[in-house]
Amino acid sequence: SCSETLAWASAQIHCQFHASDSRVQLPASEEPRQDVQAENETVFIPNRGERGQCILSTPPKILFCDLRLDPGETKSYSYSETLPLSAPPSFRGQSVKYVYKLTIGCQRVNCPIQLLRLPFRVLLLHALQGFQPLQEDEVAPSNPFLDDDEICKKDSRLLDSAVEILMSVTSRRTLHQFNISNTRGRVGTFCIFKTVYKIGEDVIGTFNFSDGEIPCLQVRRG
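Reading the values: the criteria
Residues numbered from 1 in each chain as written. Predicted model: local features only at pLDDT ≥ 70, side-chain atom pairs only at ≥ 80, totals over all residues. Heavy atoms only, no water. pLDDT = per-residue confidence, 0-100. Helix = DSSP H or I, 4+ residues; strand = E, 2+ residues; numbered from the N terminus. Contact = heavy atoms within 4.5 Å. Buried < 20%, exposed > 50% of the residue type's maximum accessible area, 1.4 Å probe, protein only. Polar contact = N/O pair within 3.5 Å; in protein donor to acceptor, adjacent residues only side chain to side chain. 1 Å grid on protein atoms, 1.4 Å probe; cavity = no way out; pocket = protein on both sides within 12 Å on 5 of 7 lines; lining within 4 Å. Points joined across faces, edges and corners; volume = space filled by probe spheres on them. Nonpolar A, V, L, I, M, F, W, Y, C, P; charged D, E, K, R; others polar. Core = buried A, V, L, I, M, F, W, Y, C linked by side-chain atoms within 4.5 Å. Pairing = 2+ DSSP bridges. Axes fitted to C-alpha atoms, helices over the stretch in contact; angles between N-to-C directions. Salt bridge = Lys/Arg side-chain N within 4 Å of Asp/Glu carboxyl O.

**With respect to the confidence of the model for the chain**
Looking at the chain as a whole, the pLDDT averages 77, with 74% of positions reaching at least 70. Looking across the chain, the model is least confident in helix 1 (residues 135-139), with a mean pLDDT of 45, and most confident in strand 3 (residues 61-69), with 93. Below pLDDT 50 for its whole length, residues 30-41 participates in 16 contacts with residues either more than four positions away or in separate chains. Low pLDDT, under 50, characterises residues 134-143; the stretch is placed with two contacts to residues that sit more than four places away or in other chains.

Listed below in C-alpha cells is the structure:
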C-alpha cells in the first residue's frame, strides 16, 4: 500500500430555494441543471446540480491543502460559520422549500472534485428576541477589567437558552406514562417524554397524584 495525496478540501454552506412548478411561476434559470459535478470541473461549486435557486452562499473556507496520508492515518479539521441574520429559516412546504446544506469538496491529485453534502435545519428562536440578562447582573458594580468576562457570561447564558429551546423544539414528543401503585391501589402516574438519555442530560418528567386511589404524604426536611 502507498500513501494518498489530497490536493485540497473546502467547506461552504448554501441555501437552496425551490418552488413547485405547478404552484409557483419563477423566471427560467439560464444555468442548465446537472446531477453531478462535471468530470473536468476544477472549480468548487457547492450548489452545482442542485434544484432551485441558491439564495444564500457563505464564503468557502479551505480545510487543508496538499495533504498526504499514510495507510491507516487520519486527520480531523474543525469548521465553523456564522449565518447572517437575514438568512431565511428552513422550510418544507407544498409550494416552496428552503433547504440548507453544508458541502465539503475534496480533490485528489489528477482526479475530479468529489462533493459531500450534509443537510441541516436552520430554526428561528422567537423566544430569544426579548432575551435580557438577569437583574442581578444589571445592579452589580461595574469593573472595567471584567468587561470581557461579563460579555462572555451573557453570551454563554444566551447560548444555553438557545440550546434548551432547540432541544425542546426538535425532540420527539412521545408521551410515556407509568402507573405508580402498591398492594392497596394506585398512587399516581409519572409522565416522561422519552426513555433514553445521554450521560449528564437532565431527566424531566411530571408526577400526577390527582387520580390516585390511596392517600399520599409528602415529607420535607426543614
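**Considerations on the environment of arginine 68**
Here arginine 68 lies in strand 3. Look at arginine 68 and you get exposed, because its relative accessible area is 58%. Apart from residues no more than four positions distant in its own chain, arginine 68 is found in contact with Ser3, Glu4, Thr5 and Glu73. Polar side-chain contacts of arginine 68 include one of 2.9 Å to the side chain of serine 3.

**Regarding the layout of surface pockets**
By volume, the largest pocket amounts to about 580 Å³. Taken together, 15 residues form the lining of the largest pocket, with Leu83, Val122, Leu123, Leu124 and Leu125 sitting closest to its centre. If you tally residues by element for the lining of the largest pocket, the top one is helix 2 (residues 147-170), at five residues. Residue classes in the lining of the largest pocket are distributed as 14 nonpolar, no polar and one charged.

**Things to note about the nonpolar core**
Ranked by size, the top nonpolar core spans eight residues in total: Ala11, Ile13, Cys15, Leu56, Ala87, Tyr100, Leu102 and Val122. When residues of this core are traced back to their parent elements, those giving at least two are strand 1 (4-19) and strand 5 (96-108). No other element matches strand 1, which puts three residues into this core. If we skip the residues at most four places from it in the chain, leucine 102 touches Ala11, Gln12, Ile13, Tyr79, Leu116, Arg117, Leu118 and Phe120.

**Points about the sheet that holds strand 9 (residues 205-208)**
If you walk across this open sheet you meet the three strands as 7-8-9, and the pairing is antiparallel. Edge positions in the sheet fall to strand 7 (176-182) and strand 9, since each has one partner strand and no second. Here the average twist between neighbouring strands, direction ignored, is 25°. Sheet topology note: the strand 8 (residues 185-192)/strand 9 ladder contains four bridges and is antiparallel. By the bridge assignment, phenylalanine 190 is partnered in strand 9 with phenylalanine 207.

**Things to note about the pattern of salt bridges**
Two side chains of opposite charge can pair, provided their charged atoms sit close to one another. What the rule picks out here adds up to two salt bridges. We note a salt bridge from glutamate 4 to arginine 108, for which the minimum N-O separation is 2.6 Å. Linking glutamate 4 in strand 1 with arginine 108 in strand 5, this pair joins segments that are 104 residues apart in sequence. Residue class for glutamate 4 comes out partly exposed when judged on its relative accessible area of 31%. Put simply, lysine 61 and glutamate 81 hold a salt bridge, and the shortest N to O gap is 3.7 Å. Of the two residues, lysine 61 is situated in strand 3 and glutamate 81 in the loop between strand 3 and strand 4 (91-92); the sequence distance between them amounts to 20 residues. Its relative accessible area of 33% is what places lysine 61 among the partly exposed residues.

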